[in-house]
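Chain by chain, the residues run as shown.
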Amino acid sequence: MAAMETSKRPPRVCLAGGTTPKRMYEILATPPFVFDFPWDVVHWFFGDERFVPHDHKESNARMVNEALFSKVPIGTDWKHFISTKASSSEAAAASYEREMKKFYGAETLDPKDPFFDIVLLGIGDDGHTASLFPGTPAVKEDKAWVTSTSGVKPEPRISLTFPVLNSSRNVLLLAAGPAKVAVLKRLD
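A. Expanded view of the overall build of the chain. Along the backbone of the chain there are 7 helices and 8 strands. At 16 Å, the chain has a C-alpha radius of gyration in line with the 16 Å of a compact globule built from 188 residues. For the chain, the spread of C-alpha atoms along the three principal axes comes to 40 × 40 × 35 Å. In the chain, which comprises 188 residues, the proportion classed as buried is 47%. In the structure as shown, the chain presents an accessible area of about 9,800 Å², 57% of it carried by carbon and sulfur atoms. Both charge centroids of the chain, one from 23 positive and one from 23 negative side chains, sit 2 Å from each other.

This is the structure we're talking about:
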């Protein structure tokens, strides 16, 4: 099955988690953005999630729901959460990968048809983006679309991999605070 033609498909956005993008999501949920944005035609995906229930204080799904989704007219079918109801973070990663491949309509990414139109990424004080932490095997993953990481933070994480995050027309990196400046300087 071939990937959908980009001219005939709704836009797809990959949302960043963590604390940095929260204020941007809150602003998008206020006038004039809330009235001017075509909420009902964009598919929303998550770049990563902590392996905790969606109502947990550390959940990216909870943060995005509170800051944005609960305040704008987005139908359920347009929101693609990473489920954390699986038996393990590995099973959750495999489930989200299956969902993404089914949605994309192919088992492999086509460089001529990026999965996303926009990917929003934050960066942690330690240099991680999504839940791809420096020095972990997840950073080097080049086959799987979604992976899990354990042992770096208190809770396991589920994350899109670099091949999928890079399968985008536009990637925006959000960074705020002095600790992030030091991390960004290391990237030069």
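After presenting the structure, the write-up continues.
B. Seen up close, the sheet that holds strand S1 (residues 12-15). The sheet built from 5 strands is open, its strands ordered S4-S2-S1-S5-S8 with parallel pairing. What marks the edges here is a single partner per strand, and that holds for strand S4 (79-80) and strand S8 (168-174). Judged from the 2 bridges that link them, strand S2 (residues 43-46) and S4 form a sheet pairing that is parallel. Residue pairing in the sheet places Phe45 in a bridge with His80 of S4. Against the sheet, helix H4 (residues 89-104) contacts S1, S2, S4 and strand S5 (116-122), and its axis sits at roughly 150° relative to S2.

C. Looking closely at the sheet that holds strand S6 (residues 146-149). Across the sheet, which stays open at both edges, the 3 strands sit in the order S3-S7-S6 with antiparallel pairing between neighbours. The open sheet terminates on both sides in strands that have one partner only, identified here as strand S3 (48-50) and S6. With direction set aside, neighbouring strand axes in the sheet form an average angle of 15°. Note that S3 and strand S7 (residues 157-160) share 3 bridges and pair antiparallel. Each residue of the ladder has a partner; that of Asp48, found in S7, is Ser159. Sitting on the sheet, H4 touches S6 and S7, and the angle it makes with S6 is about 165°.

D. Region of the structure containing the side chain of Ser131. Take Ser131: it is sitting in the loop between S5 and helix H5 (137-140). A distance of 3.3 Å separates a polar atom in the side chain of Ser131 from a polar atom in the side chain of Arg157. Not counting the four nearest positions on each side in its chain, Ser131 is found in contact with Asp48, Thr149, Arg157, Ile158 and Ser159.

E. Molecular detail of helix H3 (residues 60-67). Burial analysis of H3 places 6 of its 8 residues in the buried class, which makes it a mostly covered element. The inward-facing, buried residues of H3 abut S1, helix H1 (22-28), S2 and S3. By the N-cap criterion, in which a side-chain oxygen at the helix start approaches the backbone nitrogen of a residue two or three places on, H3 is capped by Ser59, the distance to Ala61 being 3.1 Å.

F. Examining the nonpolar core more closely. Residues Leu15, Tyr25, Met100, Phe116 and Leu160 are the most contacted members of the largest nonpolar core, which totals 42 residues. When contributions to this core are tallied by element, the ones reaching two or more residues are S1, S2, H3, H4, S5, S7 and helix H6 (162-165). By residue number, the principal contributor to this core is H4, which donates 6 residues. Those residues in contact with Met100 that lie beyond four places of it in its chain are Phe45, Phe115, Phe116, Trp145, Val146, Leu160 and Val164.

G. Quick look at the pairing of S5. In terms of burial, S5 is a largely internal element, 6 of the 7 residues being buried. In this structure, S1 lies alongside S5, joined through 2 bridges in parallel fashion. Across the sheet, Cys14 pairs through a bridge with Val119, a residue of S5. Pairing of S5 with S8 involves 6 bridges; the strand directions are parallel. Looking across to S8, one finds that Gly122 is bridged to Leu174.

So, how was this worked out
Residues numbered from 1 in each chain as written. Predicted model: local features only at pLDDT ≥ 70, side-chain atom pairs only at ≥ 80, totals over all residues. Heavy atoms only, no water. Helix = DSSP H or I, 4+ residues; strand = E, 2+ residues; numbered from the N terminus. Rg over C-alpha atoms; globule rule 2.2 N^0.38 Å. Buried < 20%, exposed > 50% of the residue type's maximum accessible area, 1.4 Å probe, protein only. Areas by Shrake-Rupley, 256 points an atom, 1.4 Å probe, with all protein chains shown as cover. Lys, Arg positive; Asp, Glu negative; His and termini not counted. Charge placed at Lys NZ, Arg CZ, Asp CG, Glu CD. Pairing = 2+ DSSP bridges. Contact = heavy atoms within 4.5 Å. Axes fitted to C-alpha atoms, helices over the stretch in contact; angles between N-to-C directions. Polar contact = N/O pair within 3.5 Å; in protein donor to acceptor, adjacent residues only side chain to side chain. Core = buried A, V, L, I, M, F, W, Y, C linked by side-chain atoms within 4.5 Å.

By themselves, these are just geometric observations and shouldn't be taken as functional.
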